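Working through the structure, step by step
The primary structure of each chain is shown beneath.
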Amino acid sequence: MEESSSLPIRGVLNKLSIKDIDIRGKRVFIRVDFNVPLDENLNITDDRRIRSSLPTINYAIDEGSMIILASHLGRPKGKHDARYSLASVARRLQRLIKKDVTFIPESTGSNAEAVVARMVPGDIVLLENLRFHPGEEANDEEFSKALSKLADVFVSDAFGAAHRSHASIVGITKFLPAVAGFLLQKEIEYLQGVINNPVRPFVAILGGAKVSGKIDVIKNLENKVDKVIVGGGMAYTFLKAMGRNVGDSLVEDSMLDLAREIRDSVIAKGIKFYLPVDCVIAQSIEAGAETKLVTSQEIPNGWKAVDVGPASVKLFSEAIESAKTILWNGPMGVFEVDAFSRGTFAMAHSVADAYALTIVGGGDTDLAVSRAGVSESISFISTGGGAALELLEGKDLPGLVALTDK
Ligand code: AMP
């Protein structure tokens, strides 16, 4: 389903956006999220984050701005590390945007300032990885000021980093007018929209490794959803909390009481709560391991659940059939291993086929959806892992709070 302005839900961004101010002929510092996955030879394996920033960059080109792009990549820990250079990202961007992109091998200082001073409208530069400087993650005032010297306006489009109080996300807003780019705006509108004003029935599908990573999401959604489906590793903590033997499946013993409480309170509110009824089990999580299909009551000791089984997929798929809004966060099994990926991919197809607004947010779910080949049929796929989770948990994102109010 294509995104369209007539979609039934929309959150509201009460911050200025790039369209609310005049950027014509101005130097525009756009904080993007070019934190792309790289393989062992440092090739970019997925450029979705770069492509997602193009609407904002193209708009600034059309407005005749000088465009200064900045991002982090990986965790170089405040030091120059060639493995995390953005040079190859500049080349990929150049191919995607079909315009020259000048790479500046630093993010602040006299050389960067001199290159920027020579820019003419429509020019694009990409600064070197911001995290090569310790001031970035420390939200250092001097570093923020040095970045701000390169531009007249700050545009925040790095949704994936908006939960970080870093210099290029928060610090810089002290020195420049700070507005949201189109990607940030779209992420907020969808993710906040689904939380504040979902069209019902609203079903949340949660999976992934641990209950501890998603418990706050469940709590925040408790008063908004009609159904909660729990799969992935976190399901086995819930099943154990119900007194089931889950063999050697992933269980967080410290979360058992909380899992029981949450399940009870969700059910007491009349929300339907679904757990796997069958699962694929293996003795080890590796390709080639022997697998068996058992009901969730029959997981033997020495075996662990690595995927949901076909009966669970059928149950979950029927549960989302009448949904008008579906939020999916977290895979149903260890989908990175082919033999354990069927449940996740089958759910990806069910979500994609649902006649509903479908939102995939956070973690590895976007990868699962893309490997299942159904990305085009999902209404909205978030580019932010941690940031999306924090929004779904109901937290304020520092990178959003710092922008100029409308
Ligand atoms: P998260 O980042 O919390 O969404 O977790 C994603 C990870 O959960 C993926 O890497 C999956 O391999 C893992 N996962 C999903 N199901 C299971 C399971 N049954 N046991 C162990 N890990 C799982």
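Residues numbered from 1 in each chain as written. Predicted model: local features only at pLDDT ≥ 70, side-chain atom pairs only at ≥ 80, totals over all residues. Heavy atoms only, no water.

1. Description of the overall build of the protein
A tally of helices and strands in the protein yields 15 helices and 15 strands. Taken over the C-alpha trace, the protein has a radius of gyration of 23 Å; the compact-globule value for 406 residues is 22 Å, and the two agree within 12%. Projected onto its principal axes, the C-alpha positions of the protein cover 70 × 45 × 35 Å. Considering only residue pairs separated by 6 or more positions, the protein has 74% of its internal contacts joining residues 24 or more positions apart. For the protein, the accessible area works out to roughly 16800 Å², and carbon and sulfur atoms hold 47% of it. (Helix = DSSP H or I, 4+ residues; strand = E, 2+ residues; numbered from the N terminus. Rg over C-alpha atoms; globule rule 2.2 N^0.38 Å. Contact = heavy atoms within 4.5 Å. Areas by Shrake-Rupley, 256 points an atom, 1.4 Å probe, with all protein chains shown as cover.)

2. A few points about the sheet that holds strand β10 (residues 278-282)
A sheet is described by the order of its strands in space; here three strands give the open sequence β11-β10-β12, paired in antiparallel fashion. Looking at strand neighbours, the two that pair on one side only are β11 (291-295) and β12 (304-308), the edges of this open sheet. The mean inter-strand angle of the sheet, taken between neighbouring strand axes irrespective of direction, is 40°. Both β10 and β11 contribute to a ladder of five bridges, which runs antiparallel. Following the sheet pairing, C279 is matched in β11 by V294. The sheet contacts of helix α11 (residues 310-321) involve β10, β11 and β12, and relative to β12 the element is tilted by about 45°. (Pairing = 2+ DSSP bridges. Axes fitted to C-alpha atoms, helices over the stretch in contact; angles between N-to-C directions.)

3. Re the packing of α11 against helix α12 (residues 342-353)
Across the interface, α11 lies against α12 with an axial gap of 10 Å and an inter-helix angle of 20°. With respect to α12, the element α11 is oriented roughly parallel. The hand of the α11/α12 crossing is right-handed. Contacts between α11 and α12 involve V313, F316, S317 and I320 on the former and, on the latter, G343, A346, M347, S350 and V351. Looking at the contact of α11 with α12 residue by residue, the classes come out as six nonpolar, three polar and no charged. (Parallel < 35°, antiparallel > 145°, perpendicular 65-115°, else oblique. Left-handed = near helix turned anticlockwise from the far one by under 90°. Nonpolar A, V, L, I, M, F, W, Y, C, P; charged D, E, K, R; others polar.)

4. Details of a positive patch on the surface
Together, R75, K77, K79 and R164 make up a positively charged patch on the protein surface. Within the secondary structure, R164 is located in the loop between β5 (153-156) and β6 (178-180). (Patch = residues over 30% accessible without salt bridge, like charges linked within 9 Å, V, L, I, M, F, W, Y side chains within 5 Å. Salt bridge = Lys/Arg side-chain N within 4 Å of Asp/Glu carboxyl O. Lys, Arg positive; Asp, Glu negative; His and termini not counted. Charge placed at Lys NZ, Arg CZ, Asp CG, Glu CD.)

5. Some remarks on the sheet that holds strand β8 (residues 227-230)
Sheets are built from strands that pair by backbone hydrogen bonding, the pairs being arranged parallel or antiparallel. Taken together, six strands build an open sheet; the order of strands is β9-β8-β7-β13-β14-β15 and the sheet is parallel. Whereas interior strands pair on both sides, the edge strands pair on one side only; in this sheet they are β9 (272-274) and β15 (380-381). In terms of strand pairing, strand β7 (residues 202-206) meets strand β13 (residues 325-329) through five bridges, oriented parallel. Each bridged residue has a counterpart across the sheet, and for I205 the counterpart in β13 is W328. Across the sheet, α11 touches β7, β8, β9 and β13, and the angle it forms with β8 is around 155°.

6. Points about the domain arrangement of the protein
The domains assigned to the protein are domain 1 (18-181) and domain 2 (190-392). For domain 1 and domain 2, the distance between their C-alpha centroids amounts to 35 Å. Tallying the contact residues gives seven residues for domain 1 and twelve residues for domain 2. When the area that domain 1 buries against domain 2 is broken down by residue, the three leading residues are R48, F159 and H163, summing to 75%. One can count one salt bridge joining domain 1 with domain 2. By residue class, the composition of the side of domain 1 that touches domain 2 is one nonpolar, three polar and three charged. (Domains from an automatic or database assignment. Buried area = accessible area lost by both parts, 1.4 Å probe.)

7. Overview of the packing of aromatic side chains
The final tally for this structure, using the stated rule, is four aromatic pairs. Arranged with centres 5.3 Å apart and planes meeting at 80°, the rings of Y59 and F182 form a pair that is edge-to-face. Pair noted here: Y59 is in helix α2 (residues 54-62) and F182 is in helix α7 (residues 182-196), with a separation of 123 residues, a long-range link. Classification of Y59 as buried rests on a relative accessible area of 17%. Here F238 and F273 contribute two aromatic rings whose centre-to-centre distance is 5.3 Å and whose plane-to-plane angle is 55°, an arrangement assigned as tilted. Placement of F238 in helix α9 (residues 235-241) and of F273 in strand β9 is noted, with a sequence separation of 35 residues between them. An identical accessibility class is assigned to F238 and F273; each is buried. (Phe/Tyr/Trp six-rings, centres within 6.5 Å; stacked < 30°, edge-to-face > 60°. Buried < 20%, exposed > 50% of the residue type's maximum accessible area, 1.4 Å probe, protein only.)

8. With respect to the nonpolar core
Counting 75 residues, the largest nonpolar core has F29, F159 and F238 as its most contacted members. The element contributing the most residues to this core is α7, with six residues. Of the domains in this structure, domain 1 (18-181) and domain 2 (190-392) are the two that each give at least three residues to this core. Aside from chain neighbours lying at most four places away, what touches F29 is I68, A70, L127, L147, A151, V153, F154, V155 and I172. If you look at the next biggest cluster of nonpolar residues, it comprises 29 residues, including I30, I50, I61 and L93. (Core = buried A, V, L, I, M, F, W, Y, C linked by side-chain atoms within 4.5 Å.)

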